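Survey of secondary and tertiary structure
The primary structure of each chain is shown beneath.
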Amino acid sequence: MSDRVDERVVLYVRSGCHLCEAARDIVAPVAAEAGAGVSEIDIDTAPDAAELVERYGELVPVVVVDGVQQGYWRIDAGRVRRALAAGRA
């Protein structure tokens, strides 16, 4: 068995974003209880920053589970939990 955790959650953030800090505090434990990893992408410094800023600029933080956007601004732990559970069904 591999020690690598399946990174099914992507959290799009920006530096200095107070809602992004709150989103980290919500997403990390929910992902951990599901055995899923979290990949965090700063939309301003990512290689494809121009595209990400255009897509998510006013919405960060944005959480995506298994390629499907699950929320933005204020992240709902229950919604992320349900998305993770549905992806394993």
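Note that the structure is a prediction, hence the values are computed from the model and not measured. (Residues numbered from 1 in each chain as written. Predicted model: local features only at pLDDT ≥ 70, side-chain atom pairs only at ≥ 80, totals over all residues. Heavy atoms only, no water.)

Okay, the overall build of the protein chain next. A tally of helices and strands in the protein chain yields three helices and four strands. The secondary structure elements of the protein chain, listed N-terminal to C-terminal, are β-α-β-α-β-β-α. Relative to its length of 89 residues, the protein chain is compact, with a C-alpha radius of gyration of 13 Å against a globular reference of 12 Å. The dimensions of the protein chain, computed from C-alpha atoms along their principal axes, are 35 × 25 × 20 Å. Burial status across the protein chain gives 39% buried among its 89 residues. If you take every contact in the protein chain between residues at least 6 apart in sequence, the share linking residues at least 24 apart comes to 62%. Approximately 5,400 Å² of the protein chain is accessible, and the part contributed by carbon and sulfur atoms is 51%. Charge-centre separation for the protein chain: the mean point of 10 positive side chains lies 6 Å from the mean point of 15 negative side chains. (Helix = DSSP H or I, 4+ residues; strand = E, 2+ residues; numbered from the N terminus. Rg over C-alpha atoms; globule rule 2.2 N^0.38 Å. Buried < 20%, exposed > 50% of the residue type's maximum accessible area, 1.4 Å probe, protein only. Contact = heavy atoms within 4.5 Å. Areas by Shrake-Rupley, 256 points an atom, 1.4 Å probe, with all protein chains shown as cover. Lys, Arg positive; Asp, Glu negative; His and termini not counted. Charge placed at Lys NZ, Arg CZ, Asp CG, Glu CD.)

Below, the discussion takes up the state of the cysteines. Enumeration over the complete set of coordinates arrives at one disulfide. Linked covalently through their sulfurs, C17 and C20 form a disulfide whose S-S length is 2.5 Å. Between C17 and C20 the sulfur-sulfur dihedral comes to about 80°; the bridge is accordingly right-handed. Of the two residues examined, C17 and C20, each falls in the buried class. (Disulfide = S-S within 2.5 Å.)

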